[in-house]
Amino acid sequence: MARPPGPPLPRLLPALLLAAAAAALPRRPCAPAGLPPDTVLGRPGANVTLSCRGEGLANDTVSWELETRRGRRLAQGDALPLRGLQRDDAGRYSCRAGGRPLRTLRLLVQDPPEVPRVSCYRRSHDRDVLCEWPLRQKPAPGTQATLFTAENATEQQCRYFSKVQKFVCRLKVPPGVDDNKPLVVSTCVRNGAGSAAGEDKIITLSGVLKPDPPLNVTVRALERWPQRLRVAWAYPSSWDPRFYWLRFQVRYRPEPARTFTEVDQVTQTSLDIADAWRGTRHVVQVRAQEEFGHGAWSEWSREAVGTPWTDPRDLASEPGPFSSQFPAEDGTDGYGATLPPELFGAEPAEEAADGGLAEAGGRSGAAPYTFLMAGGSLLLGIALFVGIVVRYRRTRRAGGRRGAKADGAGQHALVPLAPPSPGSPLSETPLLPPAAAPPAPGPFHVTNLDYFFSGK
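Residues take numbers from 1 onward in each chain, read along the sequence in its written order. Owing to the predicted nature of the model, reporting of local features is limited to residues with pLDDT of at least 70; listing and counting of side-chain atom pairs is limited to 80 or more, with chain, interface and lining totals taken over all residues. Think of the side-chain values as coming from all heavy atoms in the structure, minus any hydrogens and water.

## A few points about the overall build of the chain
Here is the rule: By definition, any uninterrupted DSSP run of H or I lasting at least four residues is a helix, any uninterrupted run of E lasting at least two residues is a strand, and each is numbered from the N terminus. For every residue, the accessible area (1.4 Å probe, protein chains only) is compared with the maximum for its type, and the residue is labelled buried under 20%, exposed over 50%, or partly exposed between those bounds. Pairs of residues are marked as contacts when any of their non-hydrogen atoms sit within 4.5 Å. Shrake-Rupley sampling with a 1.4 Å probe provides the accessible areas, and residues are treated as covered by the protein chains on show and by no other component.
Summing up its helical and strand segments, the chain has four helices and 23 strands in all. When burial is assessed residue by residue, the chain has 30% of its 456 residues classed as buried. Considering only contacts in the chain between residues 6 or more positions apart, those separated by 24 or more positions represent 62%. About 30,200 Å² of surface is accessible on the chain, with carbon and sulfur atoms providing 56% of the total.

## Description of the packing of aromatic side chains
Just so we agree on the cut-off: Note on ring pairs: Phe, Tyr and Trp rings are taken, using the six-membered ring of Trp, and paired if centres are within 6.5 Å. Classes follow the plane angle, with under 30 degrees stacked, over 60 edge-to-face and the rest tilted.
Across all of its chains, the model carries four aromatic pairs by this definition. Arranged with centres 5.4 Å apart and planes meeting at 65°, the rings of Trp233 and Phe248 form a pair that is edge-to-face. Here Phe248 lies in strand S19 (residues 246–254) and Trp233 lies in strand S18 (residues 225–234), a separation of 15 residues in the sequence. Phe248 shares its class with Trp233; the two are buried.

## Examining the nonpolar core
Rules: Residues grouped as a nonpolar core are buried Ala, Val, Leu, Ile, Met, Phe, Trp, Tyr and Cys residues, joined through side-chain atoms within 4.5 Å.
The biggest cluster of nonpolar side chains holds 20 residues, and the ones touching the most others in it are Val231, Trp233, Phe248, Val250, Ile273, Val284 and Val286. When contributions to this core are tallied by element, the ones reaching two or more residues are strand S17 (215–222), S18, S19, strand S21 (270–273) and strand S22 (282–290). No other element matches S19, which puts four residues into this core. Every residue in contact with Trp233, bar those within four places of it in the chain, is listed here: Pro214, Leu215, Asn216, Val217, Phe248, Val250, Val266, Gln268, Thr269, Ser270, Leu271 and Val286. The next biggest cluster of nonpolar side chains, apart from the first, holds 19 residues, and it includes Leu135, Val173, Val185 and Val208.

## Digging into the confidence of the model for the chain
Fine structural detail should not be taken from predicted coordinates in areas where pLDDT scores are low. To keep things clear, this is the line we draw: A residue's pLDDT is the predictor's confidence in that residue, given on a scale from 0 to 100.
Of the residues in the chain, 67% have a pLDDT of 70 or more, and the chain-wide mean is 76. Below a pLDDT of 50 lies the segment residues 1–17, which in the model reaches one contact outside its immediate sequence neighbourhood of four places, other chains included. The model gives residues 332–366 a pLDDT under 50, and that stretch makes 52 contacts with residues more than four places away or in other chains.

## What about the pattern of salt bridges?
We apply this condition: We count a salt bridge whenever a side-chain nitrogen from Lys or Arg sits within 4 Å of a carboxyl oxygen from Asp or Glu.
In this structure the tally under the stated criterion is twelve salt bridges. The partner of Asp212 in a salt bridge is Arg123, and the shortest N-O contact between them spans 2.8 Å. Note that Asp212 is positioned in the loop between strand S16 (201–204) and S17 and Arg123 in the loop between strand S8 (119–122) and strand S9 (129–134), a separation of 89 residues in sequence. Among the ionic pairs, Arg170 bridges to Asp128, the shortest N-O distance being 4.0 Å. Separated by 42 residues along the polypeptide, Arg170 in strand S13 (residues 166–171) and Asp128 in the loop between S8 and S9 bring together distant segments of the chain. Among the charged side chains, a salt-bridge network with shared partners connects Asp128, Arg170 and Lys172.

## What to know about the environment of Leu102
Inspection of the secondary structure puts Leu102 in strand S7 (residues 100–109). Residue classification places Leu102 among the partly exposed positions, given a relative accessible area of 31%.

## With respect to the sheet that holds strand S6 (residues 91–97)
Where we set the bar: In this description, strands pair whenever DSSP reports at least two bridges between them. Every angle, taken between N-to-C directions, lies between 0 and 180 degrees, and every axis is a line fitted to C-alpha atoms, over only the stretch in contact when it is a helix.
Strands sit in the order S1-S7-S6-S3-S4 across an open sheet of five strands; the sheet is mixed. Bordering the open sheet on either side are strand S1 (39–42) and strand S4 (71–76), each of which pairs with just one other strand. Strand-to-strand, the axes of this sheet are offset by a mean angle of 25°, without reference to chain direction. Bridge analysis of strand S3 (residues 62–68) against S6 gives seven bridges, and the strand direction is antiparallel.

## Regarding the pairing of S4
Of the strand pairs in this sheet, S3 and S4 are connected by six bridges, and their pairing is antiparallel. Paired with Leu66 across the strands is Arg73, a residue of S4. Remark: two residues form the turn of the hairpin made by S3 and S4, two consecutive strands paired antiparallel.

## Overview of the state of the cysteines
What counts here: Criterion for a disulfide: a pair of cysteine sulfur atoms at a distance within 2.5 Å.
Applying the stated criterion across every chain, the model contains three disulfides. Each disulfide pairs two cysteine sulfurs, and for Cys120 the partner residue is Cys131, the sulfurs being separated by 2.1 Å. Taking the sign of the torsion about the S-S bond as the criterion, the disulfide between Cys120 and Cys131, at about 105°, is right-handed. On the criterion of sequence distance, the pair formed by Cys120 in strand S8 and Cys131 in strand S9 is long-range, its members being eleven residues apart. Taken individually, Cys120 and Cys131 each receive the classification buried, so the pair is uniform in this respect. Disulfide partner of Cys158: Cys169, at an S-S distance of 1.7 Å. One quick way to see it: the torsion about the S-S bond of Cys158 and Cys169 is about 105°, and its sign makes the bridge right-handed. Residue Cys158 is located in the loop between strand S11 (154–157) and strand S12 (159–161), and its partner Cys169 is located in strand S13; the two are separated by eleven residues in the primary sequence. Exposure remark for Cys158: the relative accessible area of 12% places this residue in the buried category.

Below, the structure is given as structure tokens:
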């Protein structure tokens, strides 16, 4: 089996050179913070013994005064044992002998700092780079965190935010810096119990772009569109769209469902959802990325909800979300057959102008058009029926007159009258001869109905 080809060498070469350059840079030392004099360090759970040693204490009674988070208290003895240290045991411990102070010790109860796992991002092209890492627990008092860049040999102090339990460092970006220039970032955290250095991170200004989530996400129904929702949002305040644009990704789901449907490559700040469930509330979220795909996607926006338009006349018998008594929004009947556009109402003109995404078209006259077609067909059928009846009657009358004329000619034919014989009575001599039999139909004789249907 042939081995698939690896990445081309031109793509690997910059990464290899960048790694070699990062390895050649001098690493910033990350030493623990020095402890001041008369400071005793103990870790949580450990045992510590404090001693108040001095000259002339053999016959004097030694007492201790403890100032800790637990309050003030007294103890006796030259040695003060502390078992199972807790963070509340940290504080000042003063010893006295014969009423005069001898020594004051400061006890620190803390763990070494956590190893920082740094992630950097830039909210827009004209902002500084922010590097941060989360903590599992609150850092000990006196913990210091710094960020160092070897390229410009600058060191930035980091700040701890207790609300989100993160250290955040700000890396200043001078104007005119190439966005594709690599930067090596080092972090160091130190306190009295030790220090921890994070791994060197190689970044580029364009690669750490991460916009803030879109703002003001709204979802509204479109009148006379029971399966459509219009989603609109705004650019984040930290991104200036006059110089660089964003592309967006929208995801939505009906509330009974758990999975989202995603729509990519959205370049405008509004979108029409054409396959929403009828009468069901939907949850919609939007996120953003730099228009050319540099950097990472933002976090998802806050959830926005909306329900498609419902005809008030259908509230009493509203169909389910998959009812087949209504055509689909894409112009098909649900089985792939395209339906005529007259069956779909057009969107109002004011909605078509909003956002530039609404479909063009005027108000549909589907119902009047159907009634006009049915009425016209009925009238045309009646007119054809009346015409056939009138023509049939006229043809029948004309045929009756021709038949009557032929019969009269046979009845009124003149015949010679012979004088009656002398011996016959007068009544035996007919005044008129018997009527002649109707002539046999010839090859050119047709009946009235044959004449009518012949079309002559």
